[in-house]
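# Coordinate analysis (summary)
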Amino acid sequence: MLIASTFLLWIVVAVLAIAVLALARQVGVLHERIAPMGALVTDAGPRAGDMAPHVHATTLDGAALAIGPGHMGARNTLLMFVAPDCPVCKKVAPLAKAVAAAENLDLVFVGDGEDSAIRAMVDRYKLGGTPFANSASIGLAFHVGKLPYGVLIRPDGIIASKGLVSSREHLESLMIADETGFSSAQAYLKSLNGKVAA
């Protein structure tokens, strides 16, 4: 009886080992098929390729801020829409600062809320030294409905890319979309699917 049960256990272990190997192979196949996704683009508001709307606001430190054609600097500008009560924003805001420095971008944070809460967010996440506009008009002009949201604007005032961002990869996808000439990572993947179908 002991020999039979030991033999049966070895058979079960062998079957489980085969099942684990099959699952590991399947996970590898799925990993190759699933492409990384970039920032999720919404259909609302001005699209990539459109001129950015003219908006004027004031930053937390009292400086005038103008967005739109004729108001942008010599480098691409990343508008990063965040809020103090948004848990993902707390993670993405410091990442946006790091990505902007690495990619040589001008960065402007945009919020819409209580001034004291915005200032507390700036202090807590060390966002000082970066322009921060607490202005609902900017979010309305770009039709921002969900946060955190990024809009990359070229020096000529044209929107290069935009979308919801929740990770460093999403932030970097905004720059990659601009470099490749596609409005988003989704547009790039759609073009690849079209070539495969053809």
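The structure we're discussing is the one just above.
Everything numeric in this text was worked out from a predicted model, so none of it was measured. (Residues numbered from 1 in each chain as written. Predicted model: local features only at pLDDT ≥ 70, side-chain atom pairs only at ≥ 80, totals over all residues. Heavy atoms only, no water.)

### Some thoughts on the nonpolar core
In terms of nonpolar packing, the biggest core is built from 26 residues, with Leu 78, Met 80, Val 82, Leu 107, Phe 109, Phe 132 and Leu 171 touching the most fellow members. Broken down by secondary-structure element, the contributors of at least two residues to this core are β3 (77-81), α2 (87-103), β4 (106-111), α3 (115-124) and α5 (168-180). Ranked by the residues each element gives to this core, the list is headed by α2, at six residues. In contact with Phe 109, other than residues within four places in its own chain, are Met 80, Val 82, Ala 93, Ala 96, Leu 127, Thr 130, Pro 131, Phe 132 and Ala 133. By size, the runner-up hydrophobic cluster in this structure holds 19 residues, among which are Ala 52, Val 55, Ile 67 and Ala 133. (Core = buried A, V, L, I, M, F, W, Y, C linked by side-chain atoms within 4.5 Å. Buried < 20%, exposed > 50% of the residue type's maximum accessible area, 1.4 Å probe, protein only. Helix = DSSP H or I, 4+ residues; strand = E, 2+ residues; numbered from the N terminus. Contact = heavy atoms within 4.5 Å.)

### A short note on the pairing of strand β7 (residues 159-164)
Along any regular strand the residues' side chains alternate between the sheet's two faces. Of all six residues in β7, six are buried; the element is thus mostly enclosed. Where strand β6 (residues 149-153) folds back on β7, the antiparallel hairpin that results is connected by five residues, among which Gly 157 adopts a positive phi of roughly 90 degrees. (Pairing = 2+ DSSP bridges.)

### Points about a nonpolar patch on the surface
A surface patch of nonpolar side chains, about 580 Å² in accessible area, is lined by Phe 7, Leu 8, Ile 11, Val 12, Val 15 and Leu 16. By secondary structure assignment, the location of Phe 7 is in helix α1 (residues 2-33). A relative accessible area of 57% means that Phe 7 is categorised as exposed. (Patch = residues over 30% accessible without salt bridge, like charges linked within 9 Å, V, L, I, M, F, W, Y side chains within 5 Å. Areas by Shrake-Rupley, 256 points an atom, 1.4 Å probe, with all protein chains shown as cover. Salt bridge = Lys/Arg side-chain N within 4 Å of Asp/Glu carboxyl O.)

### Remarks on the state of the cysteines
Taken as a whole and judged by the stated rule, the model has one disulfide. In this model, Cys 86 is linked to Cys 89 through a disulfide, with the two sulfur atoms separated by 2.5 Å. The S-S bond linking Cys 86 to Cys 89 shows a torsion near 80 degrees; that makes this disulfide right-handed. For the pair Cys 86 and Cys 89, one class covers both residues: buried. (Disulfide = S-S within 2.5 Å.)

### Points about the side chain of Ser 167
In this structure, Ser 167 sits in the loop between β7 and α5. Leave out the neighbours within four places in its chain, and Ser 167 touches Val 92 and Leu 95.

### Some details on the pattern of salt bridges
In the structure shown here, the tally under the stated rule is three salt bridges. Measuring nitrogen to oxygen at the nearest pair gives 3.2 Å for the salt bridge that ties Arg 119 to Asp 115. Pair noted here: Arg 119 and Asp 115 are both in helix α3, with a separation of four residues, about one helical turn. A salt bridge links Glu 172 to Arg 168; the nearest nitrogen and oxygen atoms lie 3.1 Å apart. Taken together, the residues Glu 172 and Arg 168, both in helix α5 and four residues apart, mark about one turn of the helix. Among the residues examined, Arg 168 registers a relative accessible area of 30% and is labelled partly exposed.

### Brief notes about the packing of aromatic side chains
Aromatic ring pairs are defined here through the distance separating the ring centres and the angle between the ring planes. According to the stated counting rule, one finds two aromatic pairs in the structure shown. Note on Phe 109 and Phe 132: the rings are 5.6 Å apart at their centroids and 25 degrees apart in plane angle, and the pair reads as stacked. Placement of the pair is Phe 109 in strand β4 and Phe 132 in strand β5 (residues 132-134), with a sequence separation of 23 residues. (Phe/Tyr/Trp six-rings, centres within 6.5 Å; stacked < 30°, edge-to-face > 60°.)

### Some remarks on α5
With 13 residues, α5 extends 18 Å between its outermost C-alpha atoms, agreeing within 8% with the 18 Å of an ideal straight helix rising 1.5 Å per residue. Within the span of α5, buried status applies to His 170, Leu 171, Ser 173, Leu 174, Met 175, Ala 177 and Asp 178. Structurally, α5 contributes buried residues whose contacts are with β3, α2, β6 and β7. A positive phi of about 90 degrees marks Gly 181, the residue just after α5. (Expected span 1.5 Å × (residues − 1).)

### Quick look at the environment of Gly 163
Counting through the fold element by element, Gly 163 comes out in strand β7. Given the relative accessible area of 0%, Gly 163 is considered buried. Expressed as a C-alpha distance, the spacing of Gly 163 and Gly 150, which sit 13 residues apart in the sequence, is 5.6 Å.

So, to be careful, I would describe these as geometric facts and stop short of saying anything about function.
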